[in-house]
Amino acid sequence: MVETSRGIGKKTDMTIGPLWVVAGALQRADQRWLMHRRPEEKHHGGLWEFPGGKVEPYEMPQEALIRELAEELGIAVDPVSIVPLTFAQVDAEFDQPAIVILLYKVTHWDGEPQALEGGAVDWLDPITIGGLPKPPLDSELCARLFYETS
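These remarks concern the structure in this document. Here the structure is a predicted model, which means the values were calculated and not measured.

To continue, consider unusual backbone geometry. One non-glycine residue, glutamine 31, lies in the positive phi region at around 70 degrees. Tracing the chain through its elements places glutamine 31 in the loop between strand S3 (19-26) and strand S4 (33-37). Look at phenylalanine 94: it is not a glycine, yet its phi comes out positive at around 45 degrees. You can see phenylalanine 94 is positioned in the loop between strand S7 (82-90) and strand S8 (99-106).

Here it is, written out as structure tokens:
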């Protein structure tokens, strides 16, 4: 049970859903992964993350990822080269919605990735990525991608 503006109720009674976000784990043939450093003036500025962004209400997650990678990195991605990997989430708090990040592996694209919206991009190995300052959900995604075994 949660407390809502209408009193105590079930979470399913809440009308505001989570914020859906997609992220791309781009991997080159040399086994290095692309990480994006957020511009200083943005939320989580200066931290490293997998590139991506919000899923618009009219989009499927793969469509949003293709759009976001084109906008942020200037690359074209074929849907067949996108493979779902894992996800991370955080519950809603105060005036912030719950967030769910869906991580996809991308191994083929056209163009050379660039930081078109500011910040920087770099190709790194998992050990180096593990030491980078990252937003909490990206840290969780990295741990699942690089360090968890099943």
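That was the structure; now back to the text.
Here helix H1 (residues 61-73) spans 17 Å end to end across 13 residues, near enough to the 18 Å set by a 1.5 Å rise per residue. Ala64, Leu65, Arg67, Glu68, Leu69, Glu72 and Leu73 are the residues of H1 that are buried. Elements that come into contact with the buried residues of H1 comprise S3, S4, strand S6 (52-54), S7, S8 and strand S9 (120-124). Downstream of H1 by a residue or two, glycine 74 has a phi angle that is positive, lying close to 70 degrees.

Here arginine 38 shows up in the loop between S4 and strand S5 (48-49). You can call arginine 38 buried: its relative accessible area is 18%.

A few words now on the sheet that holds S8. With respect to topology, 4 strands assemble into an open sheet ordered S6-S3-S8-S7, the strand pairing being mixed. This sheet does not close on itself; its edge strands, each paired only once, are S6 and S7. Going from strand to strand, the sheet's axes swing by 20 degrees on average, the running direction of each strand aside. Here S3 pairs with S6 via 3 bridges, running antiparallel. Looking across to S6, one finds that valine 21 is bridged to lysine 54. Strands S3, S7 and S8 of the sheet are contacted by helix H3 (residues 136-147), whose axis makes an angle of about 135 degrees with S7.

Attention shifts here to the pattern of salt bridges. In the structure shown here, the tally under the stated rule is 7 salt bridges. Residue aspartate 30 pairs with arginine 28 through a salt bridge whose shortest N-O separation is 2.7 Å. With a relative accessible area of 42%, aspartate 30 lands in the partly exposed category. Since its relative accessible area comes to 29%, arginine 28 is described here as partly exposed. Ionic pairing is found between aspartate 125 and arginine 32, a salt bridge with its closest N-O pair at 3.9 Å. Pair noted here: aspartate 125 is in the loop between S9 and helix H2 (126-131) and arginine 32 is in the loop between S3 and S4, with a separation of 93 residues, a long-range link.

Spatially, 3 strands are ordered S5-S4-S9 in an open sheet, and the strand pairing comes out antiparallel. A strand with exactly one partner marks an edge of an open sheet, and here the two such strands are S5 and S9. Both S4 and S5 contribute to a ladder of 2 bridges, which runs antiparallel. Residue pairing in the sheet places histidine 36 in a bridge with glutamate 49 of S5.

Cut-off values and rules
Residues numbered from 1 in each chain as written. Predicted model: local features only at pLDDT ≥ 70, side-chain atom pairs only at ≥ 80, totals over all residues. Heavy atoms only, no water. Helix = DSSP H or I, 4+ residues; strand = E, 2+ residues; numbered from the N terminus. Expected span 1.5 Å × (residues − 1). Buried < 20%, exposed > 50% of the residue type's maximum accessible area, 1.4 Å probe, protein only. Contact = heavy atoms within 4.5 Å. Pairing = 2+ DSSP bridges. Axes fitted to C-alpha atoms, helices over the stretch in contact; angles between N-to-C directions. Salt bridge = Lys/Arg side-chain N within 4 Å of Asp/Glu carboxyl O.

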